[in-house]
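Now for the letters of each chain:
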Amino acid sequence: AQTVTQSQPEMSVQEAETVTLSCTYDTSENNYYLFWYKQPPSRQMILVIRQEAYKQQNATENRFSVNFQKAAKSFSLKISDSQLGDTAMYFCAFQTQGGSEKLVFGKGTKLTVNP
Amino acid sequence: DTGVSQDPRHKITKRGQNVTFRCDPISEHNRLYWYRQTLGQGPEFLTYFQNEAQLEKSRLLSDRFSAERPKGSFSTLEIQRTEQGDSAMYLCASSTGQAGYGYTFGSGTRLTVV
């Protein structure tokens, strides 16, 4: 069974600075996908960024980028130029290819961006 | 299409009562998922549908829980004889079934059992 571990329950960062959220996972699969989801307070979960395991190039979406280390089974999220609107819970998630393709989530990291 | 809709947003019920939640997915999405999220935890998979067929159920889904997706459109999740441990956020999500593109989530139904 796949597991996802987020070792930082809470983090804070000053507005305009850079912060990195950590995620590790465990799987015996070779083909899979990784995601970071953002869940603002009392609002729905939205997809921030996705990474295909067979691609060596790290994904980037505007101020969000990942550091994907397949051998180490590590998938960290870097947020540059942090904004107050980035304050949210961030969840790392794993998805196998085929079958139910259900997402397996970590416990989340609560990020607070301070003015 | 306005995304995934869930109703109600909040539900308070007394222990032992039955409750039913509804999810309306994105119309062209053939997969629908139910997750449960308790405080301080990430969402946990409950069950999923491919069109109208329920193809997998988690062991978290006790026999008090039942889900349906008639005609492959909206879905309902019913909890019978609710217990305090059922208090959680129940999330619905839909997808095209194409792996690697994630899901679109609804805003969830927060259940409080008193």
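Residues numbered from 1 in each chain as written. Chains lettered and ligands numbered in written order. Predicted model: local features only at pLDDT ≥ 70, side-chain atom pairs only at ≥ 80, totals over all residues. Heavy atoms only, no water.

Q: Residue-level account of the pattern of salt bridges, with values.
A: All names here are of chain B. Evaluation of the coordinates by the stated rule reveals nine salt bridges over all chains. Linking Asp 86 and Arg 64 is a salt bridge whose minimum nitrogen-to-oxygen distance equals 2.8 Å. With a gap of 22 residues between them, Asp 86 in the loop between strand E8 (75–79) and strand E9 (88–95) and Arg 64 in the loop between strand E6 (53–57) and strand E7 (65–68) connect regions that are remote in the sequence. According to the relative accessible area criterion, Arg 64 is buried, its value standing at 10%. (Salt bridge = Lys/Arg side-chain N within 4 Å of Asp/Glu carboxyl O. Helix = DSSP H or I, 4+ residues; strand = E, 2+ residues; numbered from the N terminus. Buried < 20%, exposed > 50% of the residue type's maximum accessible area, 1.4 Å probe, protein only.)

Q: Could you give an account of the state of the cysteines, naming the residues involved and the relevant values?
A: Residues and elements named next belong to chain A. What the rule picks out here adds up to two disulfides over all chains. Here Cys 23 is linked by a disulfide to Cys 92, with a sulfur-sulfur distance of 2.0 Å. Taking the sign of the S-S torsion, -70 degrees for the link of Cys 23 and Cys 92, the bridge is left-handed. Of this pair, Cys 23 sits in the loop between strand E3 (19–21) and strand E4 (24–26) while Cys 92 sits in strand E10 (residues 88–96); the two residues are 69 residues apart in sequence, bridging distant segments of the chain. Residue class for Cys 92 comes out buried when judged on its relative accessible area of 0%. (Disulfide = S-S within 2.5 Å.)

Q: Describe the interface of chain B and chain A, and please don't skip the residues or the numbers.
A: At the interface, 23 residues of chain B touch 20 residues of chain A. Here chain B and chain A share an interface that buries about 1700 Å² over both sides, 48% of which is from carbon and sulfur atoms. Across the contact surface, chain B and chain A share two salt bridges. Across the salt bridge formed by Glu 101 of chain A and Arg 31 of chain B, the nearest N and O atoms sit 3.6 Å from each other. At the junction of chain B and chain A, the tally comes to seven residue pairs in polar contact (both at pLDDT 80 or more). Of all the secondary structure elements, the ones that give two or more residues to the side of chain B that touches chain A are strand E4 (31–37) and strand E5 (44–50) of chain B. With four residues, the top contributor of residues to the side of chain B that touches chain A is E4 of chain B. (Contact = heavy atoms within 4.5 Å. Buried area = accessible area lost by both parts, 1.4 Å probe. Polar contact = N/O pair within 3.5 Å; in protein donor to acceptor, adjacent residues only side chain to side chain.)

Q: Requested: an account of the sheet that holds strand E3 (residues 19–24) of chain B, with residues and values cited.
A: Residues and elements named next belong to chain B. In spatial order, the strands read E1-E3-E8-E7; together these four strands make up an open sheet with antiparallel pairing. The sheet is open, and its two edges are formed by strand E1 (5–7) and E7, each paired on a single side. Neighbouring strand axes in the sheet, compared pairwise and without regard to direction, differ in orientation by 15 degrees on average. The pairing of E3 with E8 spans five bridges and is classified as antiparallel. Each residue of the ladder has a partner; that of Phe 21, found in E8, is Leu 77. (Pairing = 2+ DSSP bridges. Axes fitted to C-alpha atoms, helices over the stretch in contact; angles between N-to-C directions.)

Q: So what's going on with the nonpolar core? Residues and values would help.
A: With 25 residues, the main nonpolar core has Tyr 25, Trp 36, Phe 75, Leu 77 and Tyr 90 of chain A as its most contacted residues. A per-element tally of this core places E10 of chain A first, with four residues. Counting 19 residues, the second-largest nonpolar core is a separate cluster that includes Ile 26, Leu 61, Ala 67 and Leu 77 of chain B. (Core = buried A, V, L, I, M, F, W, Y, C linked by side-chain atoms within 4.5 Å.)

Q: Outline the packing of aromatic side chains, supporting the account with residue identities and numerical values.
A: Each aromatic ring pair is described using two quantities: the centre-to-centre distance and the angle formed by the ring planes. Per the counting criterion, the structure on display carries 18 aromatic pairs over all chains. Relative to Phe 94 of chain A, the ring of Tyr 25 of chain A lies with its centre 5.9 Å away and its plane at 40 degrees, an arrangement referred to as tilted. In this pair, Tyr 25 of chain A sits in strand E4 while Phe 94 of chain A sits in strand E10, placing the two residues 69 residues apart along the sequence. For the pair shown, Tyr 25 of chain A and Phe 94 of chain A are each scored as buried. A network of ring pairs unites the aromatic residues Phe 35, Tyr 37, Phe 91 and Phe 105 of chain A together with Tyr 33, Tyr 35, Phe 45, Tyr 48, Tyr 103 and Phe 105 of chain B as a single cluster. (Phe/Tyr/Trp six-rings, centres within 6.5 Å; stacked < 30°, edge-to-face > 60°.)

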